Amino acid sequence: MVERIASVERNTLETQVKASINLDGTGKARFDIGVPFLEHMLDQIARHGLIDLDIECKGDLHIDDHHTVEDVGITLGQAFAKAIGDKKGIFRYGHAYVPLDEALSRVVIDFSGRPGLQMNVPYTRASVGGFDVDLFQEFFQGFVNHALVTLHIDNLRGHNTHHQIETVFKAFGRALRMAVEQDARMAGQMPSTKGCL
């Protein structure tokens, strides 16, 4: 099997990001981003997606977290697009429901080649530990635009904002794991009637 790994660097006047991934990993993760709550959520992607992640970012955190969070999403999306290759033989679609105490979220993803994000998370607070929860929209929009996926995120219930967000990221990791998995019955075939994605 071809190794599905990728390393991407993105350098702007606002951030310098390095991201390495292994889609067939064991869930190992290393982060040096400077935004602890984002790192905690990225760890959920690695652990529940069985995707090895190594992400470093030097961003303009003296201004706020916005550019860092968005650009990590962009760079991670670019790494996924590179690692997934031509998409032959993958399941393509993935979905997951994940509960955490009172919270429940559903994430559905399609490696369609078309970027699209529908995100419905009615946060009960504006921040968690000083982190502006609105920035997760920017993270996922950056990921979607550069991984070229269709992504539906719905927090179905919950009143603890930390739980709401954590269920989203755990479900995202699980949905990614399902979508990028190699389907033995589709070996070498494109999972589309169009012949390309």
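Since this is a predicted model, take the numbers as computed values, not measurements. (Residues numbered from 1 in each chain as written. Predicted model: local features only at pLDDT ≥ 70, side-chain atom pairs only at ≥ 80, totals over all residues. Heavy atoms only, no water.)

S.K.: What should I look at first to understand unusual backbone geometry in this one?
M.R.: Leave glycine aside and you will find that most residues have negative phi; peptide bonds, for their part, are mostly trans. Residue Lys-87 is not a glycine yet carries a positive backbone phi of 75°. In this fold, Lys-87 is placed in the loop between helix H2 (66–84) and strand S5 (93–100). (Helix = DSSP H or I, 4+ residues; strand = E, 2+ residues; numbered from the N terminus.)

S.K.: What's the story with the pairing of strand S3 (residues 29–32) in this structure? I'm lost.
M.R.: On any regular strand, side chains alternate: one points to one face of the sheet, the next to the other face. For S3 and strand S4 (residues 52–59), the ladder comprises four bridges, and the chain directions are parallel. Among the inter-strand pairings, Phe-31 is bridged to a residue of S4, identified as Ile-55. The parallel pair S3 and S4, bridged by helix H1 (residues 36–49), forms a crossover whose chirality is left-handed. (Pairing = 2+ DSSP bridges. Right-handed = clockwise from strand over helix to strand, strands pointing away.)

S.K.: In this structure, what is going on with the side chain of Thr-161? I would like to understand it.
M.R.: Within the fold, Thr-161 resides in helix H4 (residues 161–180). Within the structure, Thr-161 has its side chain in polar contact with the backbone nitrogen of Arg-125 (distance 3.0 Å). Sequence-distant contacts of Thr-161, that is, excluding residues within four places in its chain, are made with Tyr-123, Thr-124, Arg-125, Val-128 and Val-133. (Polar contact = N/O pair within 3.5 Å; in protein donor to acceptor, adjacent residues only side chain to side chain. Contact = heavy atoms within 4.5 Å.)

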